[in-house]
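# Working through the structure, step by step
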Amino acid sequence: MKTPHNWYNLSQAATLESLKTQDTGLSSDEANQRLATYGPNLLPAPHRKSALARFAQQFHNLLIYILLLAGVITAILEHWIDSGVIIAVVLINAIIGYIQEGKAEKALEAITHMLSLEANVIRNGKQLSIPAENVVPGDIVTLQSGDKVPADLRLLRTRDLRIDEAILTGESLPADKSEDTCESDVPLGDRHCMAFSGTLVTYGTATGVVVETAANTEIGQISEMLSDVRILETPLLRRIGEFARWLTMAILIITSMTFIFGISVQNFSMTDMFIAAVGLAVAAIPEGLPAIITITLAIGVQAMAKRKAIIRRLPAVETLGSVTTICSDKTGTLTCNEMTVKSISTSDNQYDVSGVGYAPHGKVTEANNQVELSDAPVLNQLTQAALLCNDAVVHSTTGIWQVNGDPTEGALVTLAIKAGLQHDQQAAQHPRLDAIPFESEHRFMATLHHDHQGRHFMFLKGAPERLLEMCDLQRTVGGDTPIDKTYWESQMHNMAVQGQRVLAIACKEMPNSLELTFSDTEKDLVLLGIVGMIDPPRTEAIDAVKACHSAGINVKMITGDHATTASAIGKALGIGDGQTVLTGNEIDSMTNEQLKACIDDIDIYARTSPQHKLRLVEILQSKGHIVSMTGDGVNDAPALKRADVGVAMGMKGTSVAKETSEMVLVDDNFASIVNAVEEGRTVYDNIKKAIIFILPTNGGEALTIIAAIALGRLLPITPVQILWVNMITAVTLALALAFEPAERGVMQRPPRDPSEPLLTGFLIWRVIFVSLILVSGTFGLFILERDAGASIEYARTVAVNMLVVFEIYYLFNSRFIYEHSLRIETFTGNRFAIYAVLILICFQVLFTYAPPLQVLFSTAPLTIASWGNILVTGVSVFVLVEIEKFFFRNRQLRNNKHNIKT
């Protein structure tokens, strides 16, 4: 059987012949054979990792491998406590990561099917309802208002058919359909003789033949495209991977050199040096860092959830803070996906209408002054006609206003309510007697009414070009006058350049008739005015775009809608220059190099397909951008998956869009993305603070062991004591940094350079500087105690507590990386820091004085004098780091002044 790709180019007869079917449908036997051949009409199920695979993934880290190796070596040497603690630390990290990832996945576990559940087909010459999964190519399907299209159809017969294709094309208005063949290669949104699987019939009826099912439908092809899209590693994971490789290499080299030195120069035994090497590796590895990063990201997830953003994958939290470009779909993301009347023109006046969507909150104004219908008789008649020549109903469900019926008619109902009319009251005062429904052949709708006083009148609404041809007169305040077509064409042009869809409204006095005929519409019509409507930008999205620009983030609109509409919405939002638009056909004509050369200068892309969106995202990424893509339709899914952060709409977004994204906006509000970016930047700042807090501890511990081996002395700290310090300070002090509030100006600085390493030159200096302070104090007090005759257990207990006290002081340095900490906010701005210090003090008291922990960690109780030495020495790190900050800030100030002069 022939299966052409461009079904819309085939005539009805050629389509039926190609599919070997006819108007009476397939026989049951033939349908069953085709079902066996083509398979069920179902979208492929998304692949999910098993729980075991997700848990195993938590161990995939070079630093974790080294820790596991250290645990194995200590077990071989029968140091069971050391080995047990190391393995426990690794398991704790894995469990934390697994739990957080699982929580994020459960937020979107319920995924609905995109295809219709039922389909009305003709088989054996009879109409019947069957499960949509049993539909096969060649089936004849009937459609009516409210149906979801079960497969891709070539339409055979239509009657005023309109289909909402927003999930595929992004168009805010339903598409008008007909059975006429498309004569050329046209974009998806212009294939008027096709109905696509998963789209919704909003008006009219039709019959069509199934041409594609399951994976061969437009939705299915997007699903296949998704499977070919490669997910990029996040900037944070890339930096952590580079840091882990660098640190692993350094640890292996230093450990090997220390091991060889201890045996060949200091004549330590092989066993002692194995333990020393394990201690050095454990000291150098920031085993608490993965847990802290995971917890910091998890805290970011919770903070974003409070601001209406659900994070599905933890690293996306930080990636948001690195975003340089946001590519956004228009319909339903930057706009409400709700038609709204914005302009009205009568022969005498022009009016503006405020408010967004179907909620009747707004007013009609002239020159910024609210208009009362009693003072504007022509406007009164126009809004009355718009309300009565209408089949839609607007209603509120749990505070959310929705329309039952055509979106255009819903916008007119909302306009009338804003103007002060009540639907039920007007319907009772002017009952409808008859109607001519809208059809594409005549392009207007007409209704007949009476007013209980013997007067009858007709209202019409329709395409303005059509009504201008039909009307001889126009209504003015002083009476009816001959129609001024030049004036009306000018008003229509003004609305069109603003991206508004124009509708004309007319009326006619009627004899006492009970029915309408087309002959009644041929003369004596009076034009009341025209209205311009658009799916307007969300009010909050305008402010959000401004906030993005202030934060150095570029916003690009990529939509399937028409260029004029996209340009008007872009101008209203502050995206682009309001004029330059690149269309899908123009993108197709450009090479990757040509597109790469202009992509930074063009911010609005119209009439795009899923392939175009994906290509634009890839081109931006090839230029080094960190890209966030927002969308709600199936057509957005491939680009959502490819983007560094895919953002789907939670309320109106399709399941496919949600499943392929990293973040879902609960309120479908573009402004929530800006909030999420702010949280992402704060998360990265806090991770950086945690790193420069944790690494000096590891550096100090490692240098202490190296110094001991170099001087031929016993280790000041054992491997198990090192793990105690690392983990107990990580889950208290370092964790407190995860709760740091956003720093001032976090959204006024440009995005972080994606190529910036996790540890910059300044941060490496800070780590080395603080490590030297820690090793000096820790090793110095250890030698002091040993030289004074203290036992090795006592001296080591002093060393451990010295390290911990150093970290307590250094915590308050770390709350501000560059700014000084000599301020009241240092001790009041983050209450978790105070809680962490108090908890840590309790742990250290137990570590030092509790008999079970003395046995486990080989510690001894300390005297008041030793505590005095520890507390006084600990102050040195706070003082020295603040002095270092002072010189750094002065150097930065001098550099800035020099740059200004030059």
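Note that the structure is predicted; figures quoted are calculated from it, not measured. (Residues numbered from 1 in each chain as written. Predicted model: local features only at pLDDT ≥ 70, side-chain atom pairs only at ≥ 80, totals over all residues. Heavy atoms only, no water.)

Each helix and strand in the chain was counted, giving 32 helices and 28 strands. Taken over 902 residues, the chain has a buried fraction of 57%. Looking at the chain alone, contacts between residues at least 24 apart form 71% of all its contacts between residues at least 6 apart. Split by element, the accessible area of the chain, about 37100 Å² in all, is 57% carbon and sulfur. (Helix = DSSP H or I, 4+ residues; strand = E, 2+ residues; numbered from the N terminus. Buried < 20%, exposed > 50% of the residue type's maximum accessible area, 1.4 Å probe, protein only. Contact = heavy atoms within 4.5 Å. Areas by Shrake-Rupley, 256 points an atom, 1.4 Å probe, with all protein chains shown as cover.)

Between two aromatic rings, the relevant description is the distance of the centres plus the angle of the planes. One pass over the full model with this rule turns up 15 aromatic pairs. Geometrically, the ring pair formed by W724 and F847 is stacked, given 5.1 Å between the ring centres and 15 degrees between the ring planes. Of this pair, W724 sits in helix 26 (residues 719-737) while F847 sits in helix 30 (residues 831-849), and the two are 123 residues apart along the sequence. Here the two residues W724 and F847 agree in accessibility, since each one is buried. Taking the centre distance of 4.1 Å and the plane angle of 20 degrees together, the rings of F739 and F832 count as stacked. Placement of F739 in the loop between helix 26 and helix 27 (761-787) and of F832 in helix 30 is noted, with a sequence separation of 93 residues between them. We classify F832 as partly exposed; its relative accessible area is 28%. Linked through ring pairs, W724, F843, F847 and F857 together constitute an aromatic cluster. (Phe/Tyr/Trp six-rings, centres within 6.5 Å; stacked < 30°, edge-to-face > 60°.)

On to helix 9 (residues 270-284). The terminal C-alpha atoms of helix 9, which comprises 15 residues, lie 21 Å apart, in line with the 21 Å expected from a rise of 1.5 Å per residue. Helix 9 sits mainly inside the fold: 11 of its 15 residues count as buried. If you check which residues of helix 9 are buried, you get M273, I275, A276, A277, V278, G279, L280, A281, V282, A283 and A284. (Expected span 1.5 Å × (residues − 1).)

Turning our attention to a nonpolar patch on the surface. Residues F827, I834, Y835, L838, I839, I841, F843, V845, L846 and Y849 make up a contiguous nonpolar surface patch of about 860 Å² in total accessible area. By residue number, the principal contributor to the nonpolar patch is helix 30, which donates nine residues. Mapped onto the fold, V845 is located in helix 30. (Patch = residues over 30% accessible without salt bridge, like charges linked within 9 Å, V, L, I, M, F, W, Y side chains within 5 Å. Salt bridge = Lys/Arg side-chain N within 4 Å of Asp/Glu carboxyl O.)

Look at helix 9 against helix 26: their axes get within 9 Å of each other, and the N-to-C directions meet at 10 degrees. Relative to helix 26, helix 9 is oriented roughly parallel. Across from I275, G279, V282 and A283 in helix 9, the residues of helix 26 making contact are P719, I722, L723 and N726. (Axes fitted to C-alpha atoms, helices over the stretch in contact; angles between N-to-C directions. Parallel < 35°, antiparallel > 145°, perpendicular 65-115°, else oblique.)

In this section: the packing of helix 27 against helix 28 (residues 792-814). Two numbers describe how helix 27 lies on helix 28: the axes approach to 9 Å, and their chain directions differ by 150 degrees. One way to sum up the angle between helix 27 and helix 28 is to call them roughly antiparallel. At the point where helix 27 passes helix 28, the crossing takes the right-handed sense. Residues R766, V770, I773, L774, G777, T778, L781, F782, E785 and R786 of helix 27 lie in contact with helix 28, whose contacting residues are I792, Y794, A795, R796, V798, A799, M802, L803, F806 and Y810. (Left-handed = near helix turned anticlockwise from the far one by under 90°.)

With that out of the way, let us pick up unusual backbone geometry. Positive phi values are uncommon outside glycine, yet N368 reaches one of about 70 degrees. Mapped onto the elements of the fold, N368 is located in the loop between strand 12 (364-366) and strand 13 (369-370). We note that R607 has phi near 55 degrees; this positive angle belongs to a residue other than glycine. Within the element layout of this structure, R607 appears in the loop between strand 25 (604-606) and helix 22 (610-622). By relative accessible area, R607 is classed as buried at 13%.

Along the chain, the position of D147 falls in the loop between strand 3 (140-144) and strand 4 (152-164). One buried charged residue, D147, remains without a salt bridge, the closest side chain of opposite sign being K148 at 11 Å. Here the side chain of D147 touches Q144 through a polar contact of 3.0 Å, landing on its backbone nitrogen. (Lys, Arg positive; Asp, Glu negative; His and termini not counted. Polar contact = N/O pair within 3.5 Å; in protein donor to acceptor, adjacent residues only side chain to side chain.)

Below, the discussion takes up the confidence of the model for the chain. Low-pLDDT portions of the prediction should not be read for the details of their coordinates. Residue-level pLDDT values for the chain average 85, and 90% of them are 70 or greater. Looking over the chain, one finds the lowest element-wise mean pLDDT in helix 5 (residues 80-106), namely 61, and the highest in helix 13 (residues 377-388), namely 97. Contacts for the low-pLDDT stretch residues 898-902, under 50 throughout, to residues beyond four places or in other chains number zero contacts. (pLDDT = per-residue confidence, 0-100.)

What the rule picks out here adds up to 31 salt bridges. Here K613 and D636 are joined by a salt bridge, their closest N and O atoms 2.4 Å apart. Pair noted here: K613 is in helix 22 and D636 is in the loop between strand 26 (627-631) and helix 23 (637-642), with a separation of 23 residues, a long-range link. With a relative accessible area of 0%, D636 lands in the buried category. K885 is paired through a salt bridge with E882; the nearest N and O atoms lie 3.3 Å apart. Here E882 and K885 lie together in helix 32 (residues 864-901), a separation of three residues that amounts to about one turn. Assessed through its relative accessible area of 7%, E882 is described here as buried.

Another aspect to go through is the pairing of strand 4. Two faces, one strand: in a regular strand the side chains alternate between the faces of the sheet. Alignment of strand 4 against strand 7 (residues 200-212), held across 10 bridges, turns out to be antiparallel. Its bridge partner being in strand 7, L153 is matched across the sheet by V210. Looking at chain direction, strand 4 and strand 6 (residues 194-195) are connected through two bridges and run antiparallel. Bridging across to strand 6, R154 finds its partner in M194. (Pairing = 2+ DSSP bridges.)

Let us now look at the sheet that holds strand 25. Read from one edge to the other, the open sheet built from eight strands follows the order 8-28-27-26-9-23-25-24, with strand pairing classed as mixed. Looking at the sheet topology across the chains shown, the edges are occupied by strand 8 (309-311) and strand 24 (582-583). Seen against the sheet, helix 19 (residues 563-573) touches strand 23 (554-558), strand 24 and strand 25 and runs at an angle of roughly 155 degrees to strand 25.

To continue, consider the environment of R752. Assignment of secondary structure puts R752 in the loop between helix 26 and helix 27. Residue class for R752 comes out buried when judged on its relative accessible area of 13%. For R752 and Y684, which are 68 residues apart along the polypeptide, the C-alpha to C-alpha distance reads 9.8 Å.

Looking at the secondary structure, you find D472 in strand 19 (residues 471-476). A relative accessible area of 45% places D472 in the partly exposed class. Separated by 13 residues in sequence, D472 and K485 have C-alpha atoms that sit 9.8 Å apart. Those residues in contact with D472 that sit more than four places away from it in its chain are T481, P482, I483, D524 and L525.

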